[in-house]
2 protein chains.
Amino acid sequence: PERILPTLVETIATALKLPYVALWLPESDSRWEPAAVYGRPGGEQVLIPLLHQNREIGHLAVCPRGPGERFSREDERLLAAIAQLAATTVQAARLSLELQQSRRQIVTSREEERRRLRRDLHDGLGPVLASVALQADTARDLAESDPEAAKAILTSIMDQAQAAVSDVRRLVYNLRPPALDELGLVDALRQFAQTVQGKLTVAIETPEHLPTLPAAVEVAAYHIVREAVNNVVKHAQASHCQVTLAVADEGLHLSVEDDGIGAPDETVSGVGLLSMQERAAELGGRCDIHRLSGGGTRVTAILPLP
Amino acid sequence: PERILPTLVETIATALKLPYVALWLPESDSRWEPAAVYGRPGGEQVLIPLLHQNREIGHLAVCPRGPGERFSREDERLLAAIAQLAATTVQAARLSLELQQSRRQIVTSREEERRRLRRDLHDGLGPVLASVALQADTARDLAESDPEAAKAILTSIMDQAQAAVSDVRRLVYNLRPPALDELGLVDALRQFAQTVQGKLTVAIETPEHLPTLPAAVEVAAYHIVREAVNNVVKHAQASHCQVTLAVADEGLHLSVEDDGIGAPDETVSGVGLLSMQERAAELGGRCDIHRLSGGGTRVTAILPLP
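Residues numbered from 1 in each chain as written. Chains lettered and ligands numbered in written order. Predicted model: local features only at pLDDT ≥ 70, side-chain atom pairs only at ≥ 80, totals over all residues. Heavy atoms only, no water.

1. Here's the deal with the overall build of chain A
What chain A contains, in helices and strands, is 8 helices and 9 strands. For 306 residues, the compact-globule formula gives about 19 Å, and the C-alpha radius of gyration of chain A, at 30 Å, lies well above that figure. Each principal axis of the C-alpha atoms in chain A carries an extent, and together these give about 110 × 55 × 35 Å. Excluding contacts between residues fewer than 6 apart, the proportion of contacts in chain A whose partners are at least 24 apart in sequence is 61%. Counting 31 positive and 41 negative side-chain charges, chain A places the centres of these two groups 6 Å from one another. (Helix = DSSP H or I, 4+ residues; strand = E, 2+ residues; numbered from the N terminus. Rg over C-alpha atoms; globule rule 2.2 N^0.38 Å. Contact = heavy atoms within 4.5 Å. Lys, Arg positive; Asp, Glu negative; His and termini not counted. Charge placed at Lys NZ, Arg CZ, Asp CG, Glu CD.)

Right, here's the structure in full:
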């Protein structure tokens with residue numbers, strides 16, 4: 001991605017035979033900075049705004065071919081066309097950068113998770129188990145000669161094994177929603193629906209036979225539905241909510257529809273929706289929110305299947 | 001990313017007031033397909049190649065404004081400039097798509113890993129530990145009345161605890177290179193260097209105090225150096241290899257330099273280099289290979305630190 005913008009200004013300079021092209025992008029709310037520069041400025045600079053959805057997302061600074069020269073009408077027409085195209089390229093470059101950062105963040109936290117797990121297992125559970133084996137050996141030797149001592153050791157073994165069971169349970173719990181493995185996606189969602197009963201009735205409609213889903217799709221589907229239903233409980237003043245799961249060519253379709261007053265604008269663009277959209281996007285899918293004409297809201301998500 | 005190419009053809013059509021613009025990209029070696037289309041073709045189509053590094057990466061198909069009309073010289077100049085720019089945009093779109101797929105793949109395999117770990121812990125280790133606790137309880141009850149039975153149970157506890165130790169060891173081993181936690185990055189690399197002794201002498205130069213590195217950087221550095229040194233052993237016919245680690249503003253710098261004959265071209269672009277480059281890229285870094293003027297090869301990598 002770092003090469004896109006330099007290539008962009010170089011391409012513009014070469015195509016138009018311009019001595020200087022610079023691309024300015026907003027660095028912060030108040031400050032713009034040159035994101036890519038080709039050549040050296042000479043004479044008067046002309047600024048051409050880059051528009052994306054009617055918003056100025058940057059501008060090009062260009063210099064005419066010679067000092068004192070001005071751009072012809074044809075040049076201006078060309079520059080206007082090129083600015084439109086450049087805006088698309090700038091958006092593409094920004095997207096690439098965001099994707100790169102998002103991937104980096106995922107890899108970084110995966111490795112931290114692995115290191116943590118490794119510690120918990122290697123430095124926690126491993127030594128406990130080794131010590132249990134050793135103590136069992138000692139207790140066996142003492143069983144006949146000193147049954148009281150053997151009994152004391154056995155009590156300690158029991159305690160340690162039980163503590164280790166709790167450790168394993170905690171590790172497992174943090175790995176992924178336990179309900180997914182214990183009940184499967186659909187029943188895990190039904191179990192979740194129970195927890196909001198009283199505040200909201202949730203109907204879950206699913207195909208009779210859901211294919212085996214990739215772990216990542218299962219987790220994303222589970223979280224997206226939970227988040228969407230939680231939003232309904234919090235903001236929609238709804239009495240009923242319909243959750244639908246279906247499998248089509250594009251992947252797993254989710255829909256969560258309520259009969260409430262519609263979410264306020266700040267919720268629509270809020271953290272909940274963002275996190276749902278991120279979970280879908282990480283898998284190459286998408287998540288959208290629609291206001292329904294009769295009031296109420298529908299959240300839909302598509303999670304591609306391999 | 002799916003929106004970039006449709007926006008591109010629409011922008012070109014709007015900027016040039018053309019009734020039809022289609023972007024064709026290679027689908028496979030032998031087949032090109034329209035990747036984005038704006039408007040409907042009418043009259044004669046003109047094809048404009050999109051060049052990236054002198055290679056045709058696609059073409060634009062455009063129709064003049066009216067049937068029977070032709071493009072003016074000004075139009076042609078405009079189209080040529082736009083084709084150059086469009087090539088940059090197409091490259092940016094392709095990059096975004098690749099990044100998206102790479103991120104998806106990482107998330108998918110992370111969740112599969114979590115599911116596998118969850119199974120190993122919850123269905124494997126958990127029940128064993130619970131059973132050990134139960135057996136210890138039984139053995140305690142029998143210790144006085146039936147020491148022989150208690151001894152048999154203790155033997156079984158020992159066996160199970162030892163098997164569980166092996167299970168934990170295997171889980172831990174698969175999480176990340178064990179040497180990293182046991183020795184730290186630098187000594188893990190020294191240990192690895194021992195394994196190629198006889199085939200190659202490896203000198204490792206590092207700053208006296210390496211800062212604590214993120215787990216992901218440690219793992220990437222370890223794998224990149226191993227891969228690079230293994231390549232030297234396999235292909236370079238070198239006798240000496242210098243590994244250097246350094247920390248600078250941009251991040252952790254790695255360099256692996258040998259005094260051999262230089263890697264053959266197919267190795268340079270081979271799987272080994274690709275996997276090194278991917279590991280660096282996942283963290284927002286880079287990995288390059290250079291031929292040295294005196295023969296030999298230098299692999300460098302920069303892994304950004306937070």
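2. Topic: the pattern of salt bridges
Applying the stated criterion to the full structure yields 42 salt bridges over all chains. Linking E257 of chain A and R298 of chain A is a salt bridge whose minimum nitrogen-to-oxygen distance equals 3.1 Å. With E257 of chain A in strand β7 (residues 251–258) and R298 of chain A in strand β9 (residues 297–303), this pair connects stretches of sequence that are 41 residues apart. The exposure class assigned to R298 of chain A is partly exposed, which follows from its relative accessible area of 29%. One salt bridge connects R140 of chain B with D137 of chain B, and the closest N-O pair in it is separated by 2.9 Å. Note that R140 of chain B and D137 of chain B are positioned in helix α2 (residues 73–142) at a spacing of 3 residues, about one turn of the helix. (Salt bridge = Lys/Arg side-chain N within 4 Å of Asp/Glu carboxyl O. Buried < 20%, exposed > 50% of the residue type's maximum accessible area, 1.4 Å probe, protein only.)

3. Concerning the relation of the copies chain A and chain B
By a simple turn and slide, chain A fits onto chain B: the slide is 0.0 Å along the axis, the RMSD is 0.2 Å, and the turn is 180 degrees. What the rotation and shift describe, once combined, is the action of a two-fold rotation axis. Both copies present the same face, since 100% of the interface residues in chain A are matched by interface residues at the equivalent positions in chain B. (Least-squares fit on C-alpha atoms with pLDDT ≥ 70 in both.)

4. Description of unusual backbone geometry
Positive phi, close to 50 degrees, is recorded for Q237 of chain A, a residue that is not glycine. The topology assignment puts Q237 of chain A in the loop between α6 (215–236) and β6 (240–248). Accessibility expressed as a relative area gives 64% for Q237 of chain A, which makes it exposed. A positive phi is found at Q53 of chain B, a non-glycine position, where the angle reads about 50 degrees. Assignment of secondary structure puts Q53 of chain B in the loop between β3 (46–52) and β4 (55–63).

5. Brief notes about the interface of chain A and chain B
Every contact between the two is made by 86 residues of chain A and, on the other side, 86 residues of chain B. For the pair chain A and chain B, the two sides together bury roughly 8,100 Å², of which 68% comes from carbon and sulfur. Of all residues in chain A, the largest losses of buried area upon contact with chain B belong to L85, R103 and R118 of chain A, amounting jointly to 9% of the total for that side. Seen at the junction of chain A and chain B, the total is 14 salt bridges. When the shortest N-O distance is used, the salt bridge between R115 of chain B and E218 of chain A registers 3.6 Å. Linking chain A with chain B are 27 residue pairs in polar contact (both at pLDDT 80 or more). Secondary-structure elements contributing two or more residues to the side of chain A that touches chain B are α1 (4–16), α2 (73–142), α3 (147–175), α4 (178–183), α6 and α8 (271–282) of chain A. (Buried area = accessible area lost by both parts, 1.4 Å probe. Polar contact = N/O pair within 3.5 Å; in protein donor to acceptor, adjacent residues only side chain to side chain.)

6. Focus on the sheet that holds strand β3 (residues 46–52) of chain A
All names here are of chain A. Strand order in this open sheet of 4 strands is β2-β1-β4-β3, and the pairing throughout is antiparallel. Of all strands in the sheet, those bounded by a partner on one side alone are β2 (32–39) and β3. Neighbour to neighbour, the strand axes of the sheet diverge by 25 degrees on average, direction disregarded. Taken strand by strand, α2 contacts β1 (20–26), β3 and β4 (55–63), and its axis lies near 55 degrees from that of β3. (Pairing = 2+ DSSP bridges. Axes fitted to C-alpha atoms, helices over the stretch in contact; angles between N-to-C directions.)

7. A closer look at the pairing of strand β1 (residues 20–26) of chain B
Residue and element names in this part refer to chain B. β1 sits mainly inside the fold: 5 of its 7 residues count as buried. Across 7 bridges, β1 lies against strand β2 (residues 32–39) in antiparallel orientation. Directly across from P26, in β2, lies its bridge partner W32. Between the end of β1 and the start of β2, which pair antiparallel, lie 5 residues. Inspection of the sheet shows β1 paired to β4 by 5 bridges, in the antiparallel sense. Directly across from V21, in β4, lies its bridge partner V62.

8. Observations concerning the packing of helix α1 (residues 4–16) of chain B against α2 of chain B
Residue and element names in this part refer to chain B. Where α1 contacts α2, the axes come no closer than 10 Å and their chain directions differ by 165 degrees. Considering their axes alone, α1 and α2 lie roughly antiparallel with respect to each other. Here the hand of the crossing between α1 and α2 comes out right-handed. Of the residues in α2, those in contact with I4, L5, L8, I12 and L16 of α1 are L78, L79, I82, A86, T89, V90, A93 and S96. Class assignment of the residues belonging to the contact of α1 with α2 gives a composition of 11 nonpolar, 2 polar and no charged. (Parallel < 35°, antiparallel > 145°, perpendicular 65-115°, else oblique. Left-handed = near helix turned anticlockwise from the far one by under 90°. Nonpolar A, V, L, I, M, F, W, Y, C, P; charged D, E, K, R; others polar.)

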